[in-house]
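Overview (structure and organization)
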Amino acid sequence: MTGRRIAYALILLVTAAFWIYYDGAVSVWLFAAALFLPVLSLLASLPFARKPEAEIDAPRTVRRGSACSLYFRVRTKKGRSPLPGVVKASLRDLMGERTDRLSFEAPADGVVFFQADHSGVWQAEIKKAYLCDFLGLFRFPASLPPPARLGVPPIPEEPSPAPDYGIFRTSSTRPKPGGGFSEIHELREYRAGDPMRSVHWKATAKTDRPMVREPQETLSRRIVLVCSMPALSSGRDAADRILDRLTWVSGELLGMDVPHAVFSPADGSLRPVCVREDLTALTEELMSKPLPGKQSENAAPPSADWTFTIGGESWKEAEG
């Protein structure tokens, strides 16, 4: 835009000097034409400047280790406009708190080559966008789209040493308080006060002793995964390892239909994970927060029947 304005200023200056130093009709007509040129440019540009809109074309997710292209453009009601313009945007790494400032000139699309080297969430946002007339003297502001989020999800990786899932392969039960219906029951001898409808007549006939069905309920265990995100100074590779192993362990538990919770020592939050969608939302939340400037974890994990701690390169398992 600056070059076009300078060019017009030079034309105006030359025609003005020609009009001053040359006493003739040609100089007057040339100077008048130079003065009228912005109006002519504006009138010629109006049909191509109806309702300009800025757009961001970016994928929702990208696999780590691959690459993609992000497109920033300005469109009008009729599509691509031949008018010049400017798009100013930013690409922000939400985990690393790094922001790249971007600037493109229309009508060509602005293209950014994105290399997904680490897991995380990046936010692409257009800060300012406008089209200009052919001379670049008048601006037509474009409506801005909402920021676009590009996620690079973790790649599940089994931790070493791996946790022992043995206690989840066997279920424990206990008598259901108050009785009532249950798909699980055990047989025991009749005791005074047991309702007659609970008598198991076949077992009674076989043992010659009155036997009853006792409803059982499955014991629920409190499962907690402790996720300690590393400090920013530890590097993004450390964060990738933690997210990869958290995704693996949580996915294994969900595969065994074991609901659990993920505890963050940094802020003391405890997030339940019952289905795959919960795990996806949790990892996206973790990747959308900046890594701490320094490691300071004071919150102690809650008591649980089974705890697996993920942090740095140390892995420990505790049962209780």
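Everything that follows concerns the structure shown earlier in this document.
Now for a look at the structure at hand. (Residues numbered from 1 in each chain as written. Predicted model: local features only at pLDDT ≥ 70, side-chain atom pairs only at ≥ 80, totals over all residues. Heavy atoms only, no water.)

**Here we look at the overall build of the protein chain**
Secondary structure assignment for the protein chain yields five helices and 17 strands. Evaluated residue by residue, the protein chain yields a buried proportion of 41% over its 320 residues. Expressed as a percentage of contacts within the protein chain between residues at least 6 apart in sequence, the contacts between residues at least 24 apart total 70%. As displayed, the protein chain has an accessible area near 18100 Å², and 57% of this comes from carbon and sulfur atoms. (Helix = DSSP H or I, 4+ residues; strand = E, 2+ residues; numbered from the N terminus. Buried < 20%, exposed > 50% of the residue type's maximum accessible area, 1.4 Å probe, protein only. Contact = heavy atoms within 4.5 Å. Areas by Shrake-Rupley, 256 points an atom, 1.4 Å probe, with all protein chains shown as cover.)

**So, the environment of Glu158**
In this fold, Glu158 is placed in the loop between strand E9 (148-152) and strand E10 (173-175). Residue Glu158 is classed as partly exposed on the basis of its relative accessible area of 42%.

**Some remarks on the pattern of salt bridges**
All chains considered together, the criterion is met by 14 salt bridges. Of the charged contacts in the structure, one is a salt bridge between Glu55 and Arg73, with a shortest N-O distance of 3.6 Å. Here Arg73 lies in strand E2 (residues 67-76) and Glu55 lies in strand E1 (residues 53-57), a separation of 18 residues in the sequence. Residue classification places Glu55 among the partly exposed residues on the basis of a relative accessible area of 29%. In this structure, the salt-bridge partner of Asp109 is Arg73, at a minimum N-O distance of 3.2 Å. Separated by 36 residues along the polypeptide, Asp109 in the loop between strand E5 (98-106) and strand E6 (110-115) and Arg73 in strand E2 bring together distant segments of the chain. Look at Arg73 and you get buried, because its relative accessible area is 13%. Residues joined by salt bridges that share partners form a network here, namely Glu55, Arg73, Arg75, Arg80 and Asp109. (Salt bridge = Lys/Arg side-chain N within 4 Å of Asp/Glu carboxyl O.)

**Focus on the packing of aromatic side chains**
Under the counting rule described, the total for this entry stands at four aromatic pairs. Here the aromatic rings of Phe114 and Trp122 are separated by 5.1 Å at their centres, their planes lie at 70 degrees, and the arrangement is edge-to-face. On the basis of relative accessible area, Phe114 is assigned to the buried category, the value being 6%. Judged by centre distance (6.3 Å) and plane angle (15 degrees), the ring pair of Trp306 and Phe308 falls under stacked. Of the residues examined, Phe308 reaches a relative accessible area of 1% and is grouped as buried. (Phe/Tyr/Trp six-rings, centres within 6.5 Å; stacked < 30°, edge-to-face > 60°.)

**Re the packing of helix H1 (residues 2-21) against helix H2 (residues 25-45)**
As a packed pair, H1 and H2 sit with axes 8 Å apart at the nearest point and diverge in direction by 155 degrees. By the angle between their directions, the pair H1 and H2 is classed as roughly antiparallel. Every pair of crossing elements has a handedness; the one defined by H1 and H2 is left-handed. Here Tyr8, Ile11, Leu12, Thr15, Ala16, Phe18 and Trp19 of H1 lie close against H2, whose contacting residues are Val26, Ser27, Val28, Leu30, Phe31, Ala34, Leu35, Leu37 and Pro38. Per-class residue counts for the contact of H1 with H2 are 14 nonpolar, two polar and no charged. (Axes fitted to C-alpha atoms, helices over the stretch in contact; angles between N-to-C directions. Parallel < 35°, antiparallel > 145°, perpendicular 65-115°, else oblique. Left-handed = near helix turned anticlockwise from the far one by under 90°. Nonpolar A, V, L, I, M, F, W, Y, C, P; charged D, E, K, R; others polar.)

**As for the nonpolar core**
Ranked by size, the top nonpolar core spans 28 residues in total, and within it Leu70, Phe72, Leu91, Phe114 and Ile126 carry the most contacts. At the level of elements, E1, E2, strand E4 (85-93), E5, E6, strand E7 (120-132) and E9 are the ones that each hand at least two residues to this core. Sorting elements by how many residues they give to this core places E7 first, with five residues. When residues no more than four places from it in sequence are discounted, the contact partners of Leu70 are Asp57, Ala58, Leu91, Gly110, Val111, Val112, Phe114, Ala124 and Leu150. (Core = buried A, V, L, I, M, F, W, Y, C linked by side-chain atoms within 4.5 Å.)

**A word on the environment of Leu40**
By the element assignment, Leu40 lies in helix H2. Expressed as a C-alpha distance, the spacing of Leu40 and Asp133, which sit 93 residues apart in the sequence, is 9.7 Å.

**Details of the side chain of Asp93**
Mapping Asp93 onto the fold places it in strand E4. Under the relative-accessibility criterion, Asp93 is labelled buried at 9%. A polar atom in the side chain of Asp93 sits 3.2 Å from the backbone nitrogen of Met95. Polar contacts involving the side chain of Asp93 include one to the side chain of Arg236, which spans 2.5 Å. Aside from chain neighbours lying at most four places away, what touches Asp93 is Arg98, Val121, Trp122 and Arg236. (Polar contact = N/O pair within 3.5 Å; in protein donor to acceptor, adjacent residues only side chain to side chain.)

**Section: unusual backbone geometry**
Ala106 connects to Pro107 through a cis peptide bond whose omega is 10 degrees. Positive phi values are uncommon outside glycine, yet Asp257 reaches one of about 60 degrees. Following the sequence through the fold, Asp257 ends up in the loop between helix H4 (236-255) and strand E14 (260-264).

Everything listed here is a matter of coordinates, which is why it stays silent on function.
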